[in-house]
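# Reading the structure
Residue strings, one per chain:
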Amino acid sequence: MKYYNLGNRKQKVDFSTAVLQGIAPDKSLYFPEFIPKLRNDFICNIEKLSDDEIAYQVISPFIGDSIPPKELKEIIKSTLTFDFPLVPIEQNIFSLELFHGPTLAFKDVGARFMAHTLNYLTPLVGEKYMTVLVATSGDTGGAVANAFLEFSYIRTIIVFPKGKVSEIQEAQITSTANKDHIEAFELDGTFDTCQDFVKRAFVDEEINDFLTLTSANSINIARLLPQMFYYFLAYKQLKNKSIPIVCSVPSGNFGNLCAGLFAKEMGLPIDHFIASTNRNNTVVNYLSDGTYHPIVPSIKTISNAMDVGQPSNFVRIQELYGVNINNDEGLESLKKILSGYWFDDGQTKQSIEELYQKRQYIADPHGAIGYLGLKSFLNKQENSNKYQGIFLETAHPIKFRDDVEQIIQKKIPMPNSLKETLEDDLPRTLLWSYPQFKSYLMI
């Protein structure tokens, strides 16, 4: 499998190069030459396969010869150490809970897969040290910090927007920043500014002469691809596979949704996808009226992991379906596969309250938006009962306890894994300019 540069399609690299570089030299993203197709018998017999075997069959065609089968299976085994339960909410509607990993967020799978992949690949290319840069709107930072804890030779730098992540998300980032190889930077700006700093560093010749950089955001193909696992494991759990499936994905940087669309193109029988967002509704507006206007700066909401005004991975979705945002090319084809809905904080809070009062289910703000998007889609169908819907619950509600507890009027039990994390105010460095950030990188 080769990956081509979306900014220069003649430039192609293998999986290992795409991972180690993170993004292409011109700041563009890498995209697979083709989407491999799975055998029909794989889908038909998926219930008989272990989660590890499913993950191996799904991702191995994208990796090719870069990682031998034995080592790849070990990486997958080290990644999938927790469950992804499909929880019934109401008739033919399910919550796919992705928060049962070590940092209680869906980012754990991609972060762990990437950390173990880098641990395997880095020595093969003669690198003694690697610097991982990651911008986070919330959960990515904690997941990446946790995933790279055991790899002390990999310097990990996390940039998050000041005052725009939850108390617990910030604590998960900074609690690991007392390790020699993990550093936390608090930026006085938005997630989009954080992401811009990271992308600028990748094309800064002076930095690249001094450091070997890669990214741990979903712009990196090793973070993106493992997110396909969720959708296959959800399908495995469905009792009735004859009813068409609709997936509602809370969407910020659009990596999770992109991975779901990859899974569909591989042959996973998902009938339709829904991009569910908050007021940072750049893509939803595009699907509605055909105009693409990034929201800059992004708008702060209670579903902060989706506070992204310029979603990086939407360019991969455009490539997948031949969409040109400068004209109407491909838009109608995309709308047959993808719908979009956005909701404000008031609607999000109402959804959290409704799920708790009527269904005794405690959702976080992102899952609540996923539920709203799914219901909005189903309500527009002539016969909503012909579908079964899955919304992704991407983070444990405790990570947004102030908002959620106020809405449901109930205390959420604190998971043991978080109790020590919240005890100390640990180090972070305040950033205000790219030159300052650059100087820290080159220390």
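Residues numbered from 1 in each chain as written. Predicted model: local features only at pLDDT ≥ 70, side-chain atom pairs only at ≥ 80, totals over all residues. Heavy atoms only, no water.

Another aspect to go through is the pairing of strand E1 (residues 2-5). The side chains of a regular strand alternate, residue by residue, between the two faces of the sheet. Note that E1 and strand E2 (residues 8-14) share 4 bridges and pair antiparallel. Residue Tyr3 lies in a different strand from E2, and its bridge partner there is Val13. Counting the residues between successive antiparallel strands, the hairpin from E1 to E2 contains 2 residues. Bridge analysis of E1 against strand E3 (residues 30-32) gives 3 bridges, and the strand direction is antiparallel. Counterpart to Tyr4 in the pairing with E3 is Phe31. (Pairing = 2+ DSSP bridges. Helix = DSSP H or I, 4+ residues; strand = E, 2+ residues; numbered from the N terminus.)

Two orientations exist for strands paired in a sheet by backbone hydrogen bonds: parallel and antiparallel. Taken together, the 3 strands give an open sheet; going across it, the order is E2-E1-E3, and neighbouring strands pair in antiparallel fashion. In this open sheet, the two strands that pair with only one neighbour each are E2 and E3. Taken pair by pair, the neighbouring strands of this sheet meet at an average axis angle of 40°, ignoring direction. (Axes fitted to C-alpha atoms, helices over the stretch in contact; angles between N-to-C directions.)

The subject of this paragraph is helix H12 (residues 255-266). Here H12 contains 12 residues, and its C-alpha end-to-end distance of 17 Å stays within 8% of the 16 Å for a straight helix at 1.5 Å per residue. Most of H12 is tucked away, with 10 of its 12 residues classed as buried. For H12, the complete set of buried residues consists of Gly255, Asn256, Leu257, Cys258, Ala259, Gly260, Leu261, Phe262, Ala263 and Met266. Immediately downstream of H12, the backbone of Gly267 shows phi near 125°, a positive value. (Expected span 1.5 Å × (residues − 1). Buried < 20%, exposed > 50% of the residue type's maximum accessible area, 1.4 Å probe, protein only.)

This next bit is on unusual backbone geometry. Note the cis peptide between Val296 and Pro297, where omega equals -5°. By the secondary structure assignment, Pro297 is in the loop between helix H13 (282-289) and helix H14 (314-321). Residues other than glycine seldom take positive phi values, yet Lys27 does so here, at roughly 75°. By the element assignment, Lys27 lies in the loop between helix H1 (15-21) and E3. Phi at Asn92 is positive, roughly 60°, even though this residue is not glycine. Along the chain, the position of Asn92 falls in the loop between strand E4 (86-90) and strand E5 (93-97).

What follows deals with the side chain of His272. Among the secondary structure elements, His272 is positioned in strand E11 (residues 272-277). Among the residues examined, His272 registers a relative accessible area of 6% and is labelled buried. At 3.2 Å, the side chain of His272 forms a polar contact with the backbone oxygen of Lys336. Separated by 2.7 Å, the side chains of His272 and Ser339 make a polar contact. Ignoring sequence-local partners within four residues, the contact set of His272 consists of Ile245, Val246, Cys247, Lys335, Lys336, Ile337, Leu338, Ser339 and Phe377. (Polar contact = N/O pair within 3.5 Å; in protein donor to acceptor, adjacent residues only side chain to side chain. Contact = heavy atoms within 4.5 Å.)

Further remarks concern the nonpolar core. Core analysis: the biggest nonpolar cluster contains 125 residues, and Phe15, Tyr231, Phe232, Phe262, Ile390 and Phe437 have the highest contact counts within it. The greatest single-element share of this core, amounting to 8 residues, is contributed by helix H11 (residues 228-237). Not counting the four nearest positions on each side in its chain, Tyr231 is found in contact with Cys247, Val249, Asn256, Leu257, Ala259, Gly260, Ala263, Leu268, Ile270, Phe273 and Leu392. Counting residues in hydrophobic clusters, the runner-up holds 31 residues, among them Ile352, Ala363, Leu372 and Phe377. (Core = buried A, V, L, I, M, F, W, Y, C linked by side-chain atoms within 4.5 Å.)

When the terminal C-alpha atoms of helix H8 (residues 191-202) are compared, their 17 Å separation across 12 residues agrees well with the 16 Å that a helix rising 1.5 Å per residue should span. Burial of H8 is extensive: 9 of the 12 residues sit out of reach of the surface. Among the residues of H8, Phe191, Asp192, Cys194, Gln195, Phe197, Val198, Lys199, Ala201 and Phe202 are the ones counted as buried.

The interhelical angle for the contact between helix H16 (residues 345-359) and helix H17 (residues 365-379), taken along N-to-C directions, is 90°, at an axis separation of 9 Å. Classified by the interaxial angle, the pair formed by H16 and H17 is roughly perpendicular. Of the residues in H17, those in contact with Gln347, Thr348, Ser351, Ile352, Glu354 and Leu355 of H16 are Pro365, Ala368, Ile369, Tyr371 and Leu372. Residues that form the contact of H16 with H17 fall into these classes: 7 nonpolar, 3 polar and 1 charged. (Parallel < 35°, antiparallel > 145°, perpendicular 65-115°, else oblique. Nonpolar A, V, L, I, M, F, W, Y, C, P; charged D, E, K, R; others polar.)

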